[in-house]
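Each chain, written out:
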Amino acid sequence: MLYAIIATDVENSLENRLAARPAHLARLEQLKNEGRLILAGPHPAVDSNDPGPAGFSGSLIVAEFESLNAAQSWADADPYRAAGVYASVLVKPFKRVLP
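Since the structure is predicted, the reported quantities are computational estimates derived from the model, not experimental observations.

A word on the nonpolar core
Okay, so step 1: Ranked by size, the top nonpolar core spans 17 residues in total, and within it Ile 5, Ile 61, Phe 65, Trp 74, Tyr 86, Val 89 and Val 91 carry the most contacts.
Okay, so step 2: When residues of this core are traced back to their parent elements, those giving at least two are strand E1 (2-9), helix H1 (14-33), strand E3 (56-64), helix H2 (68-76) and strand E4 (86-94).
Okay, so step 3: Ignoring any residue separated from it by four or fewer positions in sequence, one finds Ile 61 in contact with Tyr 3, Ala 4, Ile 5, His 24, Leu 28, Leu 37, Leu 39, Ala 40, Trp 74 and Asp 78.

What follows is the structure, given as structure tokens:
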């Protein structure tokens, strides 16, 4: 089943984000290589693809996991969590309708 992982950043998270980004992306690449990643990306803090020093306000990942518990465990182990980037992370089932 698909699950949405919806994370909200702490204030001024950009420095910690940049430091933890390689490890964060490596985990996403693994999901992609396994054919389980649907989409992933950050929410710019301002209305721009390149928010510059404004940074990001959070992230969204939609991926396939065996269960809600498996998705939650994966999200809990995200390097962004360990680096203090995320203030909160919500994991919930996701039903893809389109495309």
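There is more to say, and it comes next.
Observations concerning the sheet that holds E4
Okay, so step 1: The strand order E2-E3-E1-E4 describes an open sheet built from four strands, whose pairing is antiparallel. Of all strands in the sheet, those with a lone pairing partner are strand E2 (37-44) and E4, marking the two edges. With direction set aside, neighbouring strand axes in the sheet form an average angle of 10 degrees.
Okay, so step 2: Pairing of E2 with E3, which is carried by seven bridges, proceeds in the antiparallel orientation. Each bridged residue has a counterpart across the sheet, and for Pro 44 the counterpart in E3 is Phe 56.
Okay, so step 3: Along the sheet face, H1 touches E1, E2, E3 and E4 and points at about 10 degrees away from the line of E3.

Analysis parameters
- Residues numbered from 1 in each chain as written.
- Predicted model: local features only at pLDDT ≥ 70, side-chain atom pairs only at ≥ 80, totals over all residues.
- Heavy atoms only, no water.
- Core = buried A, V, L, I, M, F, W, Y, C linked by side-chain atoms within 4.5 Å.
- Buried < 20%, exposed > 50% of the residue type's maximum accessible area, 1.4 Å probe, protein only.
- Helix = DSSP H or I, 4+ residues; strand = E, 2+ residues; numbered from the N terminus.
- Contact = heavy atoms within 4.5 Å.
- Pairing = 2+ DSSP bridges.
- Axes fitted to C-alpha atoms, helices over the stretch in contact; angles between N-to-C directions.

Worth remembering: the numbers are spatial, not functional.
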